[in-house]
Amino acid sequence: MNVALAKSPTGQPVGELFAAARGRLPGTGPVAELRQAAFDDFARRGLPHRRIEEWKYTDLRAQLREVAPLAPAPDQAALTRAAKAVKSLGIEGTQKLVLVDGVFAPQLSDVAALEAGVQVRALREILEDGSNQVRADLLRTTVASDAMISLNAALATDGVVIDVAAGVAPTKPVHIVHVATRSAQSAATRSLVKIEKGARVHLVESLVAAEGARTYQTHDSIVIWIGDDAELQHVRLMEDALDAANITTAIFTVGANAKLNTFNLTHGGALSRYQGFITLAGQGSELSTNGVNLLGAARHGDTTFVVDHAVPNCTSREVFRSVLDGRAHSVFQGRIIVRPDAQKTDGKMMTRALLLSDEAEADNKPELEIFADDVTCGHGATAGALDESLLFYLRARGLPEKEAQALLIAAFVGEAIESIADDNLRDFAVAAAERWLATRD
Amino acid sequence: MTALLEVKGLKVQVEDNEILHGLDLTVNAGEVHAIMGPNGSGKSTLSHVIAGKPGYEVTGGEILFKGEDLLEMDPDERAAKGVFLAFQYPVEIPGVATMTFLRTALNAQRKARGESEYSTPDFLKKVREVAASLNIPQDMLKRGVNVGFSGGEKKRNEVLQMALFQPSLCILDEMDSGLDIDALRVAADGVNALRSKDRAMVVITHYQRLLNYIVPDVVHVMSKGRVVKSGGKELALELEKSGYAQFENKAA
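A quick note: this is a predicted structure, and the numbers were derived from the prediction, not measured.

What counts, and at which threshold
Residues numbered from 1 in each chain as written. Chains lettered and ligands numbered in written order. Predicted model: local features only at pLDDT ≥ 70, side-chain atom pairs only at ≥ 80, totals over all residues. Heavy atoms only, no water. Buried < 20%, exposed > 50% of the residue type's maximum accessible area, 1.4 Å probe, protein only. Helix = DSSP H or I, 4+ residues; strand = E, 2+ residues; numbered from the N terminus. Pairing = 2+ DSSP bridges. Polar contact = N/O pair within 3.5 Å; in protein donor to acceptor, adjacent residues only side chain to side chain. Salt bridge = Lys/Arg side-chain N within 4 Å of Asp/Glu carboxyl O. Disulfide = S-S within 2.5 Å. Contact = heavy atoms within 4.5 Å. Axes fitted to C-alpha atoms, helices over the stretch in contact; angles between N-to-C directions. Parallel < 35°, antiparallel > 145°, perpendicular 65-115°, else oblique. Nonpolar A, V, L, I, M, F, W, Y, C, P; charged D, E, K, R; others polar. Arc of directions from axis to C-beta. Buried area = accessible area lost by both parts, 1.4 Å probe.

Engineer: Explain the pairing of strand 14 (residues 286-295) of chain A to me, using residue names and the numbers behind them.
Structural biologist: Side chains on a regular strand alternate between the two faces of the sheet. All names here are of chain A. Taking burial as the measure, the 10 residues of strand 14 include 9 buried ones, the bulk of the element. Two strands pair when backbone bridges link them, and strand 12 (residues 259-266) and strand 14 are joined in this way by 8 bridges, in the parallel orientation. Counted as the bridge partner of Asn264 is Gly291 from strand 14. Examined bridge by bridge, strand 14 and strand 16 (residues 315-324) share 10 bridges and lie parallel to one another.

See the structure below:
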């Protein structure tokens, strides 16, 4: 069994993947040592599978089968195709930071036009600048541990490291755009965002494919610190190619009296997992985390969130919705941990699934781990088809069947999108949802 | 002249249970018909079948609208042709703003008829005018369709749609249910404003009260799935005195 774990199903030792990549991974000394240890950990564990509780509904061993070799650094042709994909997003007025096949592309980014108080460096640049324990820590994850987090630490080729100075409130959203241009290859990035005390930031992440990029894999991570009294409005729009795979880990640490409003929309990818680990580390912080999975055909989307109430007097709200057609499979796992000291915690979680076909599947696993005694926590879930009486009402008013369905689906999704407080960010999410609706025949 | 609506020998069943047993009804343009009858006589079933609600099986007879076979059409086609059912219990649609709904529906109907879409300023102006005449506040139009509306507001929203869509046949299913007298008067005034020589109305009601406000040209009494008596507006008053029992016995 141990031998099987160390090999991909095709029998190729996974070590070759790392050996082939090592030459181009930035960092020496402690950084290289950390990568080696992380890779050894991945090789020992192998891809997560259904017997690992956290991955019960998303069996990467069966569904991903193996990790594709890293895509080469983008050449001019790849950058040109990526530029086109960025343009086709139709999102204007943001400070774009573009990563192409896992490599930061300053020539496609608004690095010269960053607002005051926003500092951006490429992770690669920092890791190549010298090597010490502090730099190795950029690749380290302490709040969670699994094979995919280790794989990301081992292989991360680049990423953006963003620092927002105390008290500033940039007017334009910071916008990280991931573009895949190569087929059947993988990319791994790690980005870090530090929001200093009292700063207010809007962050958008877009994940898209250049035209023709197919069956690629993305193994990303993002680590975000939100300082005391700071506020982050975060929207992630996953619009990868429909046959791609995307495994992303997001780690948030929220300071005292800080606010985090984070929203994820997944309508791309044949196989995706977005796992978020949020620690409410300072008293009086407020979390709102919401998401929508819009999936058709035989696509699989997993959203897994662990919210850790580590201190007293914090509130968390989680609302997740999925709209499923064909044989699509949506997974939502939400765990709320309330530490012994975290009295007066107020944590709630709600999931709703709209099933448009008999063969679609929605799995929902809420977990409450409460160690304090003076808390308010709850969770709820619903699943159902479109309401026939609403459909008839709309049709009796002249809407053809497809239009009536589309209006009700948009309304269902819209209730989740309404959680995005910023008008601008909300419009981006509405547009992404409309792109999905337009793909339904 | 072709009748606007012609129902001939209509037989309808729901899950093997026959509800309408060969119903006849002819409504001409310009007329207002009232259909009265006790609970369970099949009044609402008739309105649902005319509008095309799923779940009813027509086992005999036909419904012609302007001479065309209505039963062959989808509900949205019927709406585009000019059939409008004012629901007894209008549904709430969270997340769909009333204004969006009204515009989408009107443009869908116009598109189906091969007409151009309304421009937004014209549309907004029209909606505001009609809403004002029905005492519908502007902020209600921004809310989800019927979400948080009172019974009276829901019915006025139905009348608002009628005024916007300008259908040639309006079927009002128990419009008075759940309304106090003031709310009823506002809704009825809205309906009366829509009376015209090109339009017919079928007012379905259990009580005579509504007919004080919407005065019919013809009154039909339904019992056990058939029209058992038709007459002028005085028939409604007669029913108010004597009740439905006489007809129930007769139909049996």
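Engineer: An account of helix 8 (residues 147-155) of chain A is needed here, citing residue identities and associated values.
Structural biologist: All names here are of chain A. The buried fraction of helix 8 amounts to 9 of the 9 residues, a majority that puts the element mostly inside the structure. Taken together, the buried positions of helix 8 are occupied by Ala147, Met148, Ile149, Ser150, Leu151, Asn152, Ala153, Ala154 and Leu155. Where helix 8 begins, the capping side chain belongs to Asp146, and its oxygen is found 2.9 Å from the backbone nitrogen of Met148.

Engineer: Describe the pattern of salt bridges, and please don't skip the residues or the numbers.
Structural biologist: Residues and elements named next belong to chain A. Summed over the entire model, instances satisfying the criterion amount to 41 salt bridges over all chains. Residues Glu415 and Arg321 are paired through a salt bridge, measuring 3.4 Å at the closest nitrogen-oxygen approach. Highlighted residues: Glu415 in helix 10 (residues 401-417) and Arg321 in strand 16, separated in sequence by 94 residues. Look at Glu415 and you get partly exposed, because its relative accessible area is 31%.

Engineer: Go over the state of the cysteines, please, and point to the residues and values.
Structural biologist: Evaluated as defined, the whole model comprises 0 disulfides over all chains. Of the cysteine sulfurs around A:Cys314, a residue in no disulfide, the closest is that of A:Cys377, at 12 Å.

Engineer: So what about the environment of A:Ala112? Which residues, and what values?
Structural biologist: Residue and element names in this part refer to chain A. Within the fold, Ala112 resides in the loop between strand 2 (103-104) and strand 3 (118-122). Judged by its relative accessible area of 82%, Ala112 falls in the exposed class. Placed 17 residues apart in sequence, Ala112 and Gln95 show a C-alpha to C-alpha distance of 9.7 Å.

Engineer: Can you tell me about the environment of A:Ala153, naming the residues and giving the values?
Structural biologist: Residue and element names in this part refer to chain A. Structurally, Ala153 can be placed in helix 8. On the basis of relative accessible area, Ala153 is assigned to the buried category, the value being 4%. The sequence separation of Ala153 and Leu138 amounts to 15 residues, and the corresponding C-alpha distance is 9.0 Å.

Engineer: Account for the side chain of B:Gln88, with residues named and values stated.
Structural biologist: All names here are of chain B. Residue position: Gln88 is located in the loop between strand 6 (83-86) and strand 7 (93-97). A polar contact is formed between the side chain of Gln88 and the side chain of Tyr89, at a distance of 3.3 Å. Once residues within four sequence positions are removed from consideration, Gln88 is found in contact with Ser44, Lys155, Asp173, Glu174 and Ser177.

Engineer: Talk me through the packing of helix 2 (residues 15-22) of chain A against helix 8 of chain A; I want residue IDs and the actual numbers.
Structural biologist: Residue and element names in this part refer to chain A. Their axes nearest at 10 Å, the elements helix 2 and helix 8 cross at an angle of 25°. The orientation of helix 2 relative to helix 8 falls into the category roughly parallel. Along its contact with helix 2, which presents Leu17, Phe18 and Ala21, the element helix 8 presents Leu151, Ala154 and Leu155. Tallied by class, residues from the contact of helix 2 with helix 8 come to 6 nonpolar, no polar and no charged.

Engineer: Describe in detail the side chain of A:Thr351, supporting the description with residues and values.
Structural biologist: Residues and elements named next belong to chain A. Tracing the backbone shows Thr351 in strand 18 (residues 346-355). At 3.2 Å, the side chain of Thr351 forms a polar contact with the side chain of Asn364. Other than its neighbours up to four places away in sequence, Thr351 contacts Phe320, Phe332, Asn364, Gly380, Ala381 and Thr382.

Engineer: Hey, could you go over helix 9 (residues 234-242) of chain B for me, with residue numbers and the actual values?
Structural biologist: An α-helical turn contains 3.6 residues, so any two residues separated by three or four positions project in the same direction. Residues and elements named next belong to chain B. Those residues of helix 9 lying buried are Leu235, Ala236 and Leu239. Projection of helix 9 onto a plane perpendicular to its axis shows the buried side chains occupying an angular sector of 100°, all on one side. Projecting away from the buried face of helix 9 at angles above 90 degrees are the exposed residues Glu240 and Lys241. Directly beyond the C-terminal end of helix 9, a positive phi value near 80° is found at Gly243.

Engineer: Got a sec to walk through the interface of chain A and chain B? Specific residues and values, please.
Structural biologist: Chain A puts 16 residues into the contact, and the matching count from chain B is 29 residues. Summing the contributions of chain A and of chain B, the shared interface buries around 1,900 Å²; its carbon and sulfur component is 71%. When the buried area of chain A at its contact with chain B is split by residue, A:Phe392, A:Tyr393 and A:Arg397 rank highest and sum to 42% of it. Our count for the chain A to chain B interface comes out at 3 salt bridges. A salt bridge links B:Glu158 to A:Arg397; its shortest N-O distance comes to 2.7 Å. Across the chain A-chain B interface, the total number found is 7 residue pairs in polar contact (both at pLDDT 80 or more). Secondary-structure elements contributing two or more residues to the side of chain A that touches chain B are helix 9 (388-396) and helix 10 of chain A.

Engineer: How would you explain the sheet that holds strand 10 (residues 231-239) of chain A if you had to name every residue and give the values?
Structural biologist: All names here are of chain A. Taken together, 10 strands build an open sheet; the order of strands is 2-1-5-8-10-12-14-16-18-20 and the sheet is mixed. Of all strands in the sheet, those with a lone pairing partner are strand 2 and strand 20 (376-384), marking the two edges. In this fold helix 5 (residues 76-88) packs onto strand 1 (95-100), strand 5 (174-180) and strand 8 (200-209), with an angle of close to 140° to the strand it touches most, strand 1. The strands that helix 10 touches are strand 12, strand 14, strand 16 and strand 18; relative to strand 16, the one it contacts most, it runs at about 160°.

None of this, on its own, says anything about what the molecule does.
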